[in-house]
Amino acid sequence: MKLKIAILPGDGIGPEIMKQGVAVLDAVAQKCGHQFEYEEALVGACAIDAVGDPYPDATHDVCMRADAVLFAAVGDPKYDNDPTAKIRPETGLLAMRKKLGLFANVRPVATFDCLLHKSPLKEELLRGADFVVIRELTGGMYFGEKYQDNDRAYDTDVYTRPEIERILRVAFDTAMARHRHLTVVDKANILASSRLWRQIAKEMEPQYPEVTTDYMFIDNASMRVLTEPRFFDVIVTENTFGDILTDETSSITGSMGLQPSSSLGEHTPLFEPVHGSWPQAAGQNLANPLAQILSAAMLLEHFGLVAEGRLVRDAVDASLAANVRTPEIQVDGGAKYGTREVGQWIVDYIRNSF
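A quick note: this is a predicted structure, and the numbers were derived from the prediction, not measured.

A.B. asks: How should the overall build of the chain be read in this particular structure?
C.D. replies: Helices and strands together make up the secondary structure of the chain, namely 14 helices and 12 strands. At 20 Å, the chain has a C-alpha radius of gyration in line with the 20 Å of a compact globule built from 354 residues. For the chain, the spread of C-alpha atoms along the three principal axes comes to 55 × 50 × 40 Å. By residue count, 54% of the 354 residues in the chain fall in the buried class. For the chain, the exposed area adds up to about 15300 Å²; of that, 52% sits on carbon and sulfur atoms. The chain carries 35 positive and 50 negative side-chain charges, and their two centres are separated by 2 Å.

A.B. asks: Looking at this structure, I do not really get the sheet that holds strand S12 (residues 270-273). What am I missing?
C.D. replies: Within a sheet, neighbouring strands are paired by backbone hydrogen bonds and run either parallel or antiparallel to one another. On the basis of which strands lie adjacent, the open sheet formed by 10 strands has the order S2-S1-S3-S12-S11-S4-S5-S10-S8-S9 and mixed pairing. Edge positions in the open sheet fall to strand S2 (35-40) and strand S9 (212-217), since each of these has one partner strand only. Pairs of neighbouring strands in the sheet enclose a mean axial angle of 25 degrees, with direction left out of account.

A.B. asks: Sorry if this is basic, but what is going on with unusual backbone geometry here?
C.D. replies: Most peptide bonds adopt trans geometry, and most residues besides glycine take a negative phi value. We note that Arg180 has phi near 60 degrees; this positive angle belongs to a residue other than glycine. Its location among the elements puts Arg180 in the loop between helix H7 (161-177) and strand S8 (181-186). With relative accessibility at 34%, the residue Arg180 sits in the partly exposed group. The backbone of Trp278 shows a phi angle near 40 degrees, a positive value even though the residue is not glycine.

A.B. asks: Sorry, what's going on with the pattern of salt bridges here?
C.D. replies: Scanning all chains against the criterion turns up 20 salt bridges. When the shortest N-O distance is used, the salt bridge between Glu39 and Arg65 registers 2.7 Å. Highlighted residues: Glu39 in strand S2 and Arg65 in the loop between helix H3 (57-64) and strand S3 (68-73), separated in sequence by 26 residues. For Arg65, a relative accessible area of 48% gives the class partly exposed. Note that Arg310 is salt-bridged to Asp317, the shortest N-O span being 3.7 Å. With relative accessibility at 35%, the residue Asp317 sits in the partly exposed group.

A.B. asks: So what exactly am I meant to see when it comes to the packing of helix H1 (residues 14-32) against helix H12 (residues 290-302) here?
C.D. replies: The axes of two packed helices give the description: the angle between them and the distance between them. In the contact formed by H1 and H12, the axes pass within 8 Å of each other and the chain directions differ by 40 degrees. Our classification of the angle between H1 and H12 gives oblique. Of the two possible hands of crossing, H1 and H12 adopt the one that is right-handed. Each of Ile17, Met18, Gln20, Gly21, Val24, Leu25 and Val28 in H1 lies in contact with H12, whose residues at this interface are Gln292, Ile293, Ala296 and Leu300. Class assignment of the residues belonging to the contact of H1 with H12 gives a composition of 8 nonpolar, 3 polar and no charged.

A.B. asks: It is not clear to me how H7 should be interpreted in this structure. Could you clarify?
C.D. replies: Side chains that are three or four residues apart share a direction in an α-helix, a result of its 3.6 residues per turn. The terminal C-alpha atoms of H7 lie 24 Å apart, and with 17 residues this matches the ideal 24 Å at 1.5 Å per residue to within 8%. All buried positions along H7 are accounted for by Glu163, Ile164, Ile167, Leu168, Ala171, Phe172, Thr174 and Ala175. The arc that holds the buried residues of H7, viewed along the axis, is 160 degrees, so those residues lie on one side. Exposed residues lying more than 90 degrees from the buried face of H7 are Pro162 and Ala177.

A.B. asks: Looking at this structure, I do not really get the nonpolar core. What am I missing?
C.D. replies: Generally speaking, nonpolar side chains in soluble globular proteins are found buried as a group. Ile5, Phe36, Leu70, Leu290, Val312, Ile346 and Ile350 are the most contacted members of the largest nonpolar core, which has 42 residues in total. If you list the elements that add at least two residues to this core, you get strand S1 (2-10), H1, S3, H12, helix H13 (306-321) and helix H14 (339-351). Excluding residues that lie within four positions of it along the chain, Ile346 makes contacts with Val24, Leu290, Ile293, Ala315, Val316 and Ser319. Residues Ile134, Tyr159, Ala171 and Tyr215 belong to the second largest nonpolar core, which totals 23 residues.

A.B. asks: Even after reading the chapter, I still don't get the packing of aromatic side chains, so can you show me in this structure?
C.D. replies: We describe a pair of aromatic rings using the distance from one ring centre to the other and the angle between the two ring planes. For the structure on display, the rule yields 6 aromatic pairs. On the basis of an interplanar angle of 5 degrees and a centroid distance of 4.5 Å, the ring pair of Phe172 and Tyr208 is categorised as stacked. Of this pair, Phe172 sits in helix H7 while Tyr208 is found in the loop between helix H8 (192-204) and S9, placing the two residues 36 residues apart along the sequence. This pair shows no difference in class: Phe172 is buried, exactly as Tyr208 is. Aromatic ring contacts, followed pair by pair, group Phe131, Phe231 and Phe232 into a single cluster.

What counts as what
Residues numbered from 1 in each chain as written. Predicted model: local features only at pLDDT ≥ 70, side-chain atom pairs only at ≥ 80, totals over all residues. Heavy atoms only, no water. Helix = DSSP H or I, 4+ residues; strand = E, 2+ residues; numbered from the N terminus. Rg over C-alpha atoms; globule rule 2.2 N^0.38 Å. Buried < 20%, exposed > 50% of the residue type's maximum accessible area, 1.4 Å probe, protein only. Areas by Shrake-Rupley, 256 points an atom, 1.4 Å probe, with all protein chains shown as cover. Lys, Arg positive; Asp, Glu negative; His and termini not counted. Charge placed at Lys NZ, Arg CZ, Asp CG, Glu CD. Pairing = 2+ DSSP bridges. Axes fitted to C-alpha atoms, helices over the stretch in contact; angles between N-to-C directions. Salt bridge = Lys/Arg side-chain N within 4 Å of Asp/Glu carboxyl O. Parallel < 35°, antiparallel > 145°, perpendicular 65-115°, else oblique. Left-handed = near helix turned anticlockwise from the far one by under 90°. Contact = heavy atoms within 4.5 Å. Nonpolar A, V, L, I, M, F, W, Y, C, P; charged D, E, K, R; others polar. Expected span 1.5 Å × (residues − 1). Arc of directions from axis to C-beta. Core = buried A, V, L, I, M, F, W, Y, C linked by side-chain atoms within 4.5 Å. Phe/Tyr/Trp six-rings, centres within 6.5 Å; stacked < 30°, edge-to-face > 60°.

This is the structure we're talking about:
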């Protein structure tokens, strides 16, 4: 198979982990007879520094002519610490989602048995947890009308029926392909936008009679993903709730450095780790590349390369079992491995497989 892949390393640790993701894709291409072509582009703080725009038109053009986007992370403290900044790296991320029509963020949450001890949660609660969070990505407060002065500010949480229907359809279809259990997370006891979500979900339920659908307020869901993670199969929720909830799930895997995601919609699909840019660690060979590498596996699987995706996942599992891990998940007394060393070990595993 031939694929054109847009490469967006972004900021902070992004370029370091991206190198490992691309190296893994190259190893798969060589091993399995595929051809992957890459085109790199700027996004985030580095794009602001270069051209004054966190998502330049040139970057959008690269994404639109690609079959897929592999993205790393954006963010820089000089913008985080300046509340008056008119342009921010994250603005580029929002613009990319909007322009590419990426309305469905899909984040799998699964445990690794050898890393259960790294979670702050009890092992007996975690073992066997395996669910997917589907977050609406282009609506809600992040994109609604905003205002701020010295004494007053607001963000409007706006959703339309078509926006809600299309993300719910993704969620119901995902549940059908898994264990046929869907949990709709909202705040329908308080928010009008949530009541519309719940109304439409109930209207759509009869179209999916094989799916068990339940409803949960976000405050309850935030507790239960940590106390009963095995209850869930597929969770669907709006943009703001989904952002918070999916970061919370990192306590289940033991590290945000282990969580990949995809963003799907109208144009080019995008694949990215869920963690941030961690600028304090940039250039120090500390960052865990596994979420980036697993995002590459999701990219392969999206295009029907299931065996190739499985090969990457097997390589990741093998690296963890061999204690080839970056510091935040290494066992006590284990050997020291950095970003490059972990990536190279996985590349070698793929090359030597079969």
